[in-house]
Amino acid sequence: MQNNPIRIGTRESQLAVWQADLVKKLLEDNGHAAELVFIKSEGDIDLVTPLYAMGVQGVFTRALDAALLNNRIDIAVHSMKDVPVQLPQGIVQAAVLERASYKDILVYREQFTEDSITQINHGLLSTDNQQLSSLLIGTSSIRRKAQWLNRYPGTVIENLRGNINTRLKKVAESQWHGAIFAAAGLERINVRPENSIDLDWMLPAPAQGAIMAVARDGDYNILEAFAPINHNDTAIAVKIERDFLSALMGGCSTPISALAEVTPQGILFKGNIISPDGSQKVAVERTFSKAEADNAGTLAGHDVLEQGGREIVTAFKNAK
Ligand SMILES: NCc1[nH]cc(CCC(=O)O)c1CC(=O)O
């Protein structure tokens, strides 16, 4: 039994605090006292450098890892897609919460729909507005950039860093057509603008929309407290997605997307890797049985490597 309140470490952004509060509430529902401890991360301090250029993995997670290992907190709560697939020595997964929307969405500044954006990009929409001759889209995610350019070649991609509120403000003040966000982030803190559409053709980052709690290895009181709040189907899906990522590259901030959906008919998996300029894409779509879950991500990753993905990985690594 855990006696002292469970110290939940979190970053200070509104989304991070919302996610940590959810964990606190779930713990309290199960009879555990808990409190939040705020920790600043490198990813929050440097708001300019694109994430993929920061050179290290885990810019959002390392400060929390250190707090965990130094026993300043008992649990760290993360957006799972920000967590490197290889957890640091001494840190283990305690729970994965039920996934929210995994979708990427386009927040657009004016009355553009995806249809009109497609038309604009293909020069089909007649307009006198000079601005529309080339699309300007904000994102600092190399994965979103690669997918967008693959679908809409010729778009100019603008760097867009910062927490959700900063980014929304930047888009509103920009001259861009729009910017790409994770639906989950905006919806959780209730700031998804009306001018937004789900990008159904875009595959999410591995584990997008999932929340992960990590603990010290061997801290059995904590691991026991978190077992009941683990969502099994989500945990299975995100493990497959992260195995796919590992099989291809093993890093975050890569142009690799993956989505596994656990359904009564089996596990539906889709994944891809796209060269950062959008010109080359290798995609896989496979159905697995639940019994195959352990190897599904790795198998799908090997499919992609064999179908030309290896060349994209190599070029990406050499360009870094
Ligand atoms: N990389 C930043 C980040 N990490 C998690 C989310 C949103 C929540 C989620 O995807 O789980 C975001 C913002 C975004 O991608 O727009």
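Relevant structure appears above.
These numbers were taken from a predicted model, which means no experiment stands behind them. (Residues numbered from 1 in each chain as written. Predicted model: local features only at pLDDT ≥ 70, side-chain atom pairs only at ≥ 80, totals over all residues. Heavy atoms only, no water.)

**Q** Go over the sheet that holds strand β13 (residues 281-288) with me, naming the residues and quoting the values.
**A** Overall, antiparallel pairing links the three strands, which are arranged β11-β12-β13 in an open sheet. Of all strands in the sheet, those with a lone pairing partner are β11 (256-263) and β13, marking the two edges. Neighbour to neighbour, the strand axes of the sheet diverge by 5 degrees on average, direction disregarded. Sheet topology note: the strand β12 (residues 266-274)/β13 ladder contains eight bridges and is antiparallel. Residue pairing for β13: Phe-269 is matched across the bridge by Arg-286. Across the face of the sheet, helix α5 (residues 142-151) comes into contact with β11, β12 and β13 while running at roughly 85 degrees to β12. On top of the sheet, helix α9 (residues 232-248) reaches β11, β12 and β13; it is set at about 150 degrees to β11, its chief contact. (Pairing = 2+ DSSP bridges. Helix = DSSP H or I, 4+ residues; strand = E, 2+ residues; numbered from the N terminus. Axes fitted to C-alpha atoms, helices over the stretch in contact; angles between N-to-C directions. Contact = heavy atoms within 4.5 Å.)

**Q** Go over the site of the ligand with me, naming the residues and quoting the values.
**A** Taken together, Leu-15, Ser-79, Lys-81, Asp-82, Arg-144, Arg-167, Phe-181, Ala-182, Gly-185, Arg-188, Gln-208 and Gly-209 are the residues near the ligand. Here Arg-144 contributes a side-chain N or O atom positioned 2.9 Å from an oxygen atom of the ligand. Between the ligand and the protein, one listed contact pairs an oxygen atom with a backbone N or O atom of Ala-182 at 3.1 Å. Here the ligand loses 89% of its free accessible area of 390 Å² to cover by the protein chains. Mapped onto the shell around the ligand, the elements with two or more residues apiece are β8 (178-182) and α7 (183-188). (Near = heavy atom within 4 Å. Polar contact = N/O pair within 3.5 Å; in protein donor to acceptor, adjacent residues only side chain to side chain. Areas by Shrake-Rupley, 256 points an atom, 1.4 Å probe, with all protein chains shown as cover.)

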